[in-house]
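Residue-level structure breakdown
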Amino acid sequence: MIQRSQLDLRKFVAPEFICGHGALQLAGRYARNFGMRHVLLVTDPGVRAAGWTDAVGESLTEAGISFTIFDAISVNPRSRQVMSGTEVYRAEECNGIVAVGGGSPMDCAKGIGIASSNMRDILAFEGVDRVPVPAPPLICIPTTAGSSADVSQFAIITDDVRKRKIAIISKTLVPDISLLDPEPLTTMSPELTVDTGMDALSHAIEAYVSNASSPMTDVHALEAIRLISSALPAAVREPHNLDLRFSTLLGSLHAGLAFSNASLGAVHAMAHSLGAACDLAHGRCNAMLLEHVIAANYEAAPDRYDQVGAILGAAEGGRGTPAENVAAFRRSLGVTETLAAVGVREDAIRTLARQAYADPCMVTNPRRLTCEDLERIYAYAL
Ligand SMILES: [Fe+2]
């Protein structure tokens, strides 16, 4: 078990953010405040079809700011897509970025920002604190309640050549402002609501048991678990209820503030490896792994996991172990598949485990897991 003390040195980084109904319409005003003249508006086809890209575009136009839309982004943003966006940013002589969408457009926008300002390939920034020149101003407007890319100092990009996800962690990736509006969440499908919500729950739980947690991150992590466990199932049932959507957005915000500063653990390390190999939605990968990692980690942080289990148990009426209560919560949201059901084969586990073992998220996992431990966890989830 890793000994923690509240006297350990810790820092806490958070961006300016505005949350509430109508926050999206402030995009133009803040773009003008940051001196933006021509914006790269980074989004994806689904968000565009739902009308949220146009809504942000109207706000920019009303503020007298022109923009170019970049929406060639897949579910898991790829290094080539980041570099294509960087070319558009330069060719269109942009001087600021507005991202509207879920984690993929926001991570891609962060990547475009640092690749542009440093004039280097995005893969050169892998790891912690490896971005020398700050990015141009960035405004994030999330349309999901899960990734927390809108407040975090993380960007996850898939390396097209090596077919693996890289993590870039740097204070330069924290947006200049985030506009958190519950209305764009109302067009999410039930599946996307669940996947992104389970991502946020995984952020909160991993941050709470992280060996880099602190009294500041604990407050946010626990509040996130409370909000998500109570509001997420109801938001799936009532997708147009703005109060419920806002509660999930607040839950995601708290989870983001927690994990951006306490980092994550084996669930995310293993989900990154799995998502890159199978091109699965990130939140779904977390949902399939979470209870198995909790079972493996439990002895390293029993009191903390018991608190997590009690909150989820209270929401679900369960009296099981923390892992059992997380599993019951997942099932109640309709996530019932195993890794085998989504196409993972037993002979892929060794490679998945090796890649997960090298992920920076492993550094803050509460238990020192070996590569063989990770293989066993994947096998349980199969
Ligand atoms: Fe995540």
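The written sequence of each chain sets the order in which its residues are numbered from 1. Reporting in this predicted model follows two pLDDT cut-offs: at least 70 for local features of residues, and 80 or more for side-chain atom pairs to be given and counted; totals over whole chains, interfaces and linings ignore these cut-offs and use all residues. Based on all heavy atoms of the structure, the side-chain values leave hydrogens and waters out of the count.

Here we come to the overall build of the chain. Scanning the chain from N- to C-terminus turns up 14 helices and nine strands. In terms of overall size, the chain behaves like a compact globule, its C-alpha atoms giving a radius of gyration of 19 Å where 382 residues would be expected to give roughly 21 Å. Once the C-alpha set of the chain is aligned to its principal axes, its extents read approximately 55 × 45 × 40 Å. Residues classed as buried in the chain amount to 60% of the 382 residues present. A fraction of 79% describes how many contacts in the chain between residues 6 or more apart in sequence connect residues 24 or more apart. Method for areas: the Shrake-Rupley scheme with a 1.4 Å probe, in which residue coverage is limited to the protein chains shown. Counting every atom, the chain has about 14,900 Å² of accessible surface; 52% of that belongs to carbon and sulfur. Put simply, DSSP H or I for four residues or longer makes a helix, DSSP E for two residues or longer makes a strand, and each gets a number counted from the N terminus. C-alpha atoms define the radius of gyration, and 2.2 Å times the number of residues to the power 0.38 defines the globule rule. With a 1.4 Å probe rolled over the protein chains alone, any residue whose accessible area is under 20% of its type maximum counts as buried; one over 50% counts as exposed, and the rest are partly exposed. In what follows, residue pairs with any heavy atoms lying within 4.5 Å of each other are defined as contacts.

Our focus in this paragraph is the coordination of the iron ion. Because water is not among the atoms used, a metal site may look incomplete, as its donors are only the N, O and S atoms within 2.8 Å, or 3.2 Å for Na, K and Ca. Looking at the iron ion, the protein donor atoms are D199 (OD), H203 (NE2), H268 (NE2) and H282 (NE2), and they sit 2.1 to 2.2 Å from it. In these descriptions, tetrahedral denotes four donors with every angle between 85 and 135 degrees, square planar four donors and octahedral six donors with opposite donors over 155 degrees apart and the rest between 65 and 115, and irregular any other case. Every donor counted, the four donor atoms about the iron ion form angles of 84 to 169 degrees at the centre, which fits irregular coordination. Counting the intervening residues between successive donors of the iron ion yields the motif D-x3-H-x64-H-x13-H. Within this pair, D199 and its partner H203 are both found in helix α6 (residues 190-209), separated by four residues, close to a single helical turn. Accessibility classification places D199 together with H203 in one group, the buried group.

The criterion for an aromatic pair is that two Phe, Tyr or Trp rings (for Trp, the six-membered ring) have centres within 6.5 Å, with stacked assigned to planes under 30 degrees apart, edge-to-face to planes over 60 apart and tilted to the rest. This model, assessed by the stated rule, comprises two aromatic pairs. It is R304 that lies over the ring of Y208; its NZ or CZ is 4.5 Å from the centre. We count a charge as sitting over a ring when the NZ of a lysine or the CZ of an arginine lies within 6 Å of the ring centre and within 35 degrees of the ring normal.

Time to look at the environment of A124. Looking at the secondary structure, you find A124 in the loop between α5 (103-118) and β5 (127-128). We classify A124 as partly exposed; its relative accessible area is 22%. Linking A124 and I168, residues 44 residues apart in sequence, is a C-alpha distance of 9.4 Å.

On to unusual backbone geometry, then. For K163, which is not glycine, the phi torsion reads 55 degrees and is therefore positive. Counting through the fold element by element, K163 comes out in the loop between β7 (154-159) and β8 (164-169). K163 sits in the partly exposed class, given a relative accessible area of 47%. Even without glycine at this site, S263 takes up a positive phi of about 65 degrees. Note that S263 resides in the loop between α8 (242-262) and α9 (266-278). On the basis of relative accessible area, S263 is assigned to the buried category, the value being 15%.

Along its 16 residues, α5 runs 22 Å from first to last C-alpha, staying within 8% of the 22 Å computed at 1.5 Å per residue. Extensive coverage of α5 is indicated by the burial of 15 of its 16 residues. Once α5 finishes, M119 follows within two positions and takes phi at roughly 50 degrees, a positive value. By this rule, a helix spans an expected 1.5 Å times one less than how many residues it contains.

The next subject is the domain arrangement of the chain. Note that the domain bounds were set by an automatic or database domain assignment. One can read the domain layout of the chain as domain 1 (16-184) and domain 2 (189-381). The gap between the C-alpha centroids of domain 1 and domain 2 is 25 Å. Contact residues are listed per partner, giving 26 residues for domain 1 and 29 residues for domain 2. Throughout, buried area stands for the accessible area (probe radius 1.4 Å) lost by two parts on being put together, summed over both. Counting each side, the surface lost to burial between domain 1 and domain 2 is near 2,300 Å², with a carbon and sulfur contribution of 67%. For this document, the term salt bridge refers to a Lys or Arg side-chain nitrogen within 4 Å of an Asp or Glu carboxyl oxygen. Counting the contacts that link domain 1 with domain 2 gives one salt bridge. Notably, a salt bridge pairs R78 with D279, separated by 3.4 Å at the nearest N-O pair. Put simply, the parts of the chain that give the side of domain 1 that touches domain 2 at least two residues each are β1 (16-19), β7 and β8. At four residues, β8 tops the list of elements feeding residues into the side of domain 1 that touches domain 2.

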